[in-house]
Amino acid sequence: LNAANIFVTCIDSTTTPGITVTSITGNTTEAGGTATFNMVLDSEPTDNVSITLTSSDTGEGTVLPGTVVFTNTNWATPQIVTVTGVDDILEYGNQGYTIITAAASSVDGNYSGMDAENVTITNEDNDSIGIDVSAVSGNTDESGTTATFTVKLKSLPTDTVTIPISSSDTNEGTIDVGATLTFTTGNWSTAQTITITGQDDIVIDGDQPYFITLGSSTSSDSAYNACLLYTSPSPRD
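This one's a predicted model, so the numbers in the text were calculated from it and none came from an experiment. (Residues numbered from 1 in each chain as written. Predicted model: local features only at pLDDT ≥ 70, side-chain atom pairs only at ≥ 80, totals over all residues. Heavy atoms only, no water.)

J.: Is there a simple way to think about the overall build of the protein in this case?
T.: If you tally the helices and strands in the protein, you get 0 helices and 17 strands. In terms of C-alpha radius of gyration, the protein reaches 32 Å, well past the compact-globule figure of 18 Å for 237 residues. Along the three orthogonal principal directions, the C-alpha set of the protein runs to about 135 × 30 × 25 Å. Counting every position in the protein, which comprises 237 residues, the buried fraction comes to 33%. Considering only residue pairs separated by 6 or more positions, the protein has 65% of its internal contacts joining residues 24 or more positions apart. On the protein, roughly 12,500 Å² of surface is accessible, and the fraction owed to carbon and sulfur atoms is 50%. (Helix = DSSP H or I, 4+ residues; strand = E, 2+ residues; numbered from the N terminus. Rg over C-alpha atoms; globule rule 2.2 N^0.38 Å. Buried < 20%, exposed > 50% of the residue type's maximum accessible area, 1.4 Å probe, protein only. Contact = heavy atoms within 4.5 Å. Areas by Shrake-Rupley, 256 points an atom, 1.4 Å probe, with all protein chains shown as cover.)

J.: How should unusual backbone geometry be read in this particular structure?
T.: Apart from glycine, the bulk of residues carry a negative phi angle, and the bulk of peptide bonds sit in the trans form. The linkage connecting Leu-64 with the following residue, Pro-65, adopts the cis geometry, with an omega of -5°. Relative to the elements of secondary structure, Pro-65 occurs in the loop between strand 5 (61-64) and strand 6 (67-70).

J.: Would you mind going over the confidence of the model for the protein with me for this structure?
T.: Low pLDDT marks regions whose predicted coordinates should not be analysed in detail. Scored by pLDDT, the protein has a mean of 87; 90% of the residues are at 70 or more. Overall, residues 230-234 carries pLDDT values under 50, and its contacts beyond four positions in sequence, including any with other chains, amount to 16 contacts. (pLDDT = per-residue confidence, 0-100.)

J.: Sorry, what's going on with the sheet that holds strand 10 (residues 131-133) here?
T.: Each strand in a sheet pairs with another by means of backbone hydrogen bonds, the pair being arranged parallel or else antiparallel. Spatially, 4 strands are ordered 10-11-15-13 in an open sheet, and the strand pairing comes out antiparallel. Sheet topology places strand 10 and strand 13 (173-175) at the edges, where each strand pairs with a single neighbour. On average, each strand axis in the sheet is tilted by 25° relative to the strand beside it, whichever way the strands run. Where strand 13 and strand 15 (residues 192-198) come together, 3 bridges link them in antiparallel fashion. What sits directly across from Gly-173, in strand 15, is Gly-198. (Pairing = 2+ DSSP bridges. Axes fitted to C-alpha atoms, helices over the stretch in contact; angles between N-to-C directions.)

J.: What am I meant to see in the environment of Thr-82 here?
T.: Secondary-structure assignment places Thr-82 in strand 7 (residues 79-85). Spatially, the C-alpha atom of Thr-82 lies 10.0 Å from that of Thr-28, the residues being 54 residues apart in sequence. With residues near it in sequence (within four places) discarded, Thr-82 still touches Thr-34, Ala-35, Thr-36, Thr-62, Val-63 and Leu-64.

Following this line, the structure appears as structure tokens:
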């Protein structure tokens, strides 16, 4: 007698080959803040799988590691990729960029040339437009004592910035600089020191307040054109 054949189906438990890229944890910042995402294979490869990672704009962010490698032993373990923000010292708002995942390199035909999803990220700007003016160090007097304060820009301008400066009463106090302060793309972050010297007005009029005035800035950089109108805290002579 010939018994009937029995048909059996073997269900394949092997996952379809693929590369999973998780969402990034957040944004990077120009202060050096980091964000991370994970990469992992969906199935065991027959040979090593290498994926190169690059930043579309290294002036905004860098990526480590530069290459992730999956083997037949670590393929199921998510590998952490760290993206670090870069300070560009320009004030032009938050900037988007991309971590580019190159096509995979492997002798495993299932993974060779497979291109994982790129990761989009934003680098949060920490620069601001403005002019930093310190407090005056003290008062002057008619014997010729001096007081000082400093001035600098808060961010890199795209062109030269000039700021008019003057004493409201040169009979009470004078400054040691010309009629303007000049900041360039090279010295914008270097504080310029202004020295105020008290003057003897030969008049018995008691302590007299006066002002060192910084006028509105001028520049072809629209962000720094007409940026500031500032009067220093009043020294007394």
